[in-house]
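Below, each chain spelled out in residue letters.
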2 protein chains.
Amino acid sequence: MGPGPSNPYPEVIEAFTRPVMGHLDGEFLGLLDETCDRLRAVFRTGNALTFPVSGTGSAGMEAAFVNVISDGDTVVVGVNGVFGERMCDVAGRCGANVVRVDAEWGTPLDPQRILDAHPDPAVIAVVHAETSTGVRNDLAELGSAKGDALLLADCVTSLGGIDVRVDDWGVDIAYSGTQKCLGVPPGLAPISVSARAVERLHCRPSSWYFDMGMIANYVSGAGARAYHHTAPISMIYALHAGLGVVLDEGLEAAHARHRVCGETLQAGLEARGFTLLAPAGARLPQLTSVRVPEWRLPTNTSEADIRRTLLDCYGIEIGGGLGALAGKCWRIGCMGHTARTRNVTLVLAALDEVLASD
Amino acid sequence: MGPGPSNPYPEVIEAFTRPVMGHLDGEFLGLLDETCDRLRAVFRTGNALTFPVSGTGSAGMEAAFVNVISDGDTVVVGVNGVFGERMCDVAGRCGANVVRVDAEWGTPLDPQRILDAHPDPAVIAVVHAETSTGVRNDLAELGSAKGDALLLADCVTSLGGIDVRVDDWGVDIAYSGTQKCLGVPPGLAPISVSARAVERLHCRPSSWYFDMGMIANYVSGAGARAYHHTAPISMIYALHAGLGVVLDEGLEAAHARHRVCGETLQAGLEARGFTLLAPAGARLPQLTSVRVPEWRLPTNTSEADIRRTLLDCYGIEIGGGLGALAGKCWRIGCMGHTARTRNVTLVLAALDEVLASD
């Protein structure tokens, strides 16, 4: 119940046991095509260039920036947590002129401030679900007013847990991770790229490994498949299976399951007098940041001790704060297969047992 | 029996079924430490910075170059196959002045020509085992005469199959893949970096994802672990298990098993009058390139048809030629769990059945 990796679906683990096929085997390519179709369904997009990047979520971030940024391009980045900060670092290394729009960690970004930050940016980049704070940032308003800019969105923690509408919202590059609400172990970064972003892809980006033009020649269903790098076969089996579980349940039903868990958890924490970091209306159901209830820490016990006891005695992992929130917050995830109300019941009861009485 | 991925060891598949732990969980970090120790054993190195890069073998190549090359640095690359070509592309994108030393595909590189190519290169880069041709290139001679240059070696197909002696040979950066002789599915790139290469790491390379300075703060056993990106947990379980199998068998015994398979296969092919691409003395046992025996192709049957029949009717994958060798060669692998003499017996007998009589 940390900020990810979540527990994988049983069907995902079973998929790992399939015989390893070659990356140019027709049967494997069929499974890869189906995986990309399933990704289009969860991203709610018709984007032809939709595939799993062969790395973790941060590889998705790097692939997103390195393929469209040229030296000196202006990139407006909304920053209200660790992953917005990371975007600035990644974009800067690509040679971008980074224009930051900061909001206090724990509060959502104001889309209008982002739109007003620069008259003609090449890219506007925002984290949809800030894993470091549990805050949801709005994408639709940015997409409708982005002008000539590309809208780049980090959907690592949102995809599969809350609505992500790549086409309706005008997101040009959306990337995610497998280890959050998709219920698959970490190792792949699903990504979807709009036709207008495809037109702006570098013909030779500084990264060979993440070169989307070359990768498209392998993952694209059209024509002969050109070998680029060896696909991570077993991880793709796992993603294929996880997406199958989500789509069999139904995307709306999966979102509803995450919502019920998050609301139940957040109500339970507030009923105990704890303070949630994110304001109502911008809270992620799948990831809840709560301020450490200092008054309920037993004598000579740190918040890290509490987390250790939860892990050692109850088998429950919850996350600590990142960056400026280290030592001040806990992050409790209900994602993927972990998003079950029984887990919410358990973590609240366990906290009551390990914390001092009110 | 293609050029990889090979069949994984059963213990590796079993490892995939372990519960997914968090990337900062102490139990997982212990397993990661043990994985790095096991990598040191197979690389035969004491290098502190030895870990699995979170991507496939080509990610290892990119991580190797991007962390040590600065704009305008001279990089001498030995090229006698696809992966030497790829090194030129990757190094060029890092801003290197690439000096190529070409040898005919199918023949080994001459170390002296590489050493003579430039008086003071920053990096000398060579593929130890060329997966596109089945040729072994010598590393020891380069390491002993490299001078101030760093020696960078692609050991994707060599590690676990033939001797790789990082410390004895003076290799400064060696990277590999999991899906060849280690008997693990593709998805990770083991890498080892010498102390003198660590001193030359960029403090801020153009790639965030492959930034070894930051990654070292996570994978290094010393002090607190700083989160960089979410480790691909299940793939690391798999690598840990695969390395366990190799080291339990014994590295020498594993090499001997690959050697026997390769020699048996190569003798069998030559006994049928087929021509091996690589000359005696530079042949990899784990990957054999053989010229397509045109005179034995049945009427109206292409070499691709033969490969398809082997796959469809016998469940045997063999590889076609890459690049200039497309349509002209087959590549037959005996790697990892696939390196069993029964498989050699089977592939030779199957070829006899599907090819026309002599």
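Note: the structure precedes this text.
This text gives an overview of the structure that appears in the document. Every value quoted in this text rests on a predicted model; they were computed, and no experiment measured them. (Residues numbered from 1 in each chain as written. Chains lettered and ligands numbered in written order. Predicted model: local features only at pLDDT ≥ 70, side-chain atom pairs only at ≥ 80, totals over all residues. Heavy atoms only, no water.)

## Examining the relation of the copies chain B and chain A
And then number 1: Structural alignment of chain B on chain A gives an RMSD of 0.0 Å, achieved by rotating through 180° and translating 0.0 Å along the axis. Here the transformation between the copies is reduced to the relation of a two-fold axis. In terms of proximity to the rotation axis, the leading residue of chain B is G55 of chain B, whose C-alpha is 2.6 Å off the axis.
And then number 2: The fraction of interface residues of chain B whose copies in chain A are also interface residues reaches 100%, indicating that both copies meet through the same surface. (Least-squares fit on C-alpha atoms with pLDDT ≥ 70 in both. Contact = heavy atoms within 4.5 Å.)

## Observations concerning helix 12 (residues 303-314) of chain B
And then number 1: The terminal C-alpha atoms of helix 12 of chain B, which comprises 12 residues, lie 16 Å apart, in line with the 16 Å expected from a rise of 1.5 Å per residue.
And then number 2: Downstream of helix 12 of chain B by a residue or two, G315 of chain B has a phi angle that is positive, lying close to 70°. (Helix = DSSP H or I, 4+ residues; strand = E, 2+ residues; numbered from the N terminus. Expected span 1.5 Å × (residues − 1).)

## Side note on the sheet that holds strand 2 (residues 74-79) of chain B
All names here are of chain B.
And then number 1: The seven strands lie next to each other as 1-9-8-7-4-2-3, forming an open sheet whose pairing is mixed. Of all the strands in the sheet, just strand 1 (49-53) and strand 3 (97-102) have a single pairing partner and so form its edges. This sheet shows a mean twist of 15° between the axes of neighbouring strands, independent of strand direction.
And then number 2: As judged from the three bridges shared by strand 2 and strand 4 (residues 123-127), these two strands associate in the parallel manner. Residue V75 lies in a different strand from strand 4, and its bridge partner there is V123. (Pairing = 2+ DSSP bridges. Axes fitted to C-alpha atoms, helices over the stretch in contact; angles between N-to-C directions.)

## Here's the deal with the pattern of salt bridges
And then number 1: Inspection of the entire model under this criterion finds 42 salt bridges over all chains.
And then number 2: Between R204 of chain A and D89 of chain B there is a salt bridge whose closest N-O contact spans 3.0 Å. Here R204 of chain A is found in the loop between helix 8 (195-198) and helix 9 (212-219), whereas its partner D89 of chain B is found in helix 4 (residues 82-93) on a different chain.
And then number 3: Under the relative-accessibility criterion, R204 of chain A is labelled partly exposed at 46%.
And then number 4: Between D352 of chain A and R296 of chain A there is a salt bridge; the shortest N-O distance is 3.7 Å. Placement of the pair is D352 of chain A in helix 13 (residues 341-354) and R296 of chain A in the loop between strand 10 (287-291) and helix 12 (303-314), with a sequence separation of 56 residues.
And then number 5: Judged by its relative accessible area of 6%, R296 of chain A falls in the buried class. (Salt bridge = Lys/Arg side-chain N within 4 Å of Asp/Glu carboxyl O. Buried < 20%, exposed > 50% of the residue type's maximum accessible area, 1.4 Å probe, protein only.)

## Description of the side chain of T74 of chain B
And then number 1: Within the fold, T74 of chain B resides in strand 2.
And then number 2: We classify T74 of chain B as buried; its relative accessible area is 10%.

## Some words on the interface of chain B and chain A
And then number 1: With 50 residues of chain B at the interface, the matching set in chain A holds 50 residues.
And then number 2: With both sides pooled, the region where chain B packs onto chain A buries about 4,000 Å², and carbon together with sulfur makes up 59% of that total.
And then number 3: Summed over the shared surface of chain B and chain A, the number is four salt bridges.
And then number 4: The salt bridge involving D211 of chain A is made with R93 of chain B; its shortest N-O contact spans 2.8 Å.
And then number 5: Those elements giving two or more residues to the side of chain B that touches chain A turn out to be helix 3 (57-66), helix 4 and helix 10 (233-249) of chain B.
And then number 6: Counting residues per element, the side of chain B that touches chain A draws most heavily on helix 4 of chain B, at six residues.
And then number 7: Residues of the side of chain B that touches chain A, tallied by class, amount to 23 nonpolar, 19 polar and eight charged. (Buried area = accessible area lost by both parts, 1.4 Å probe. Nonpolar A, V, L, I, M, F, W, Y, C, P; charged D, E, K, R; others polar.)

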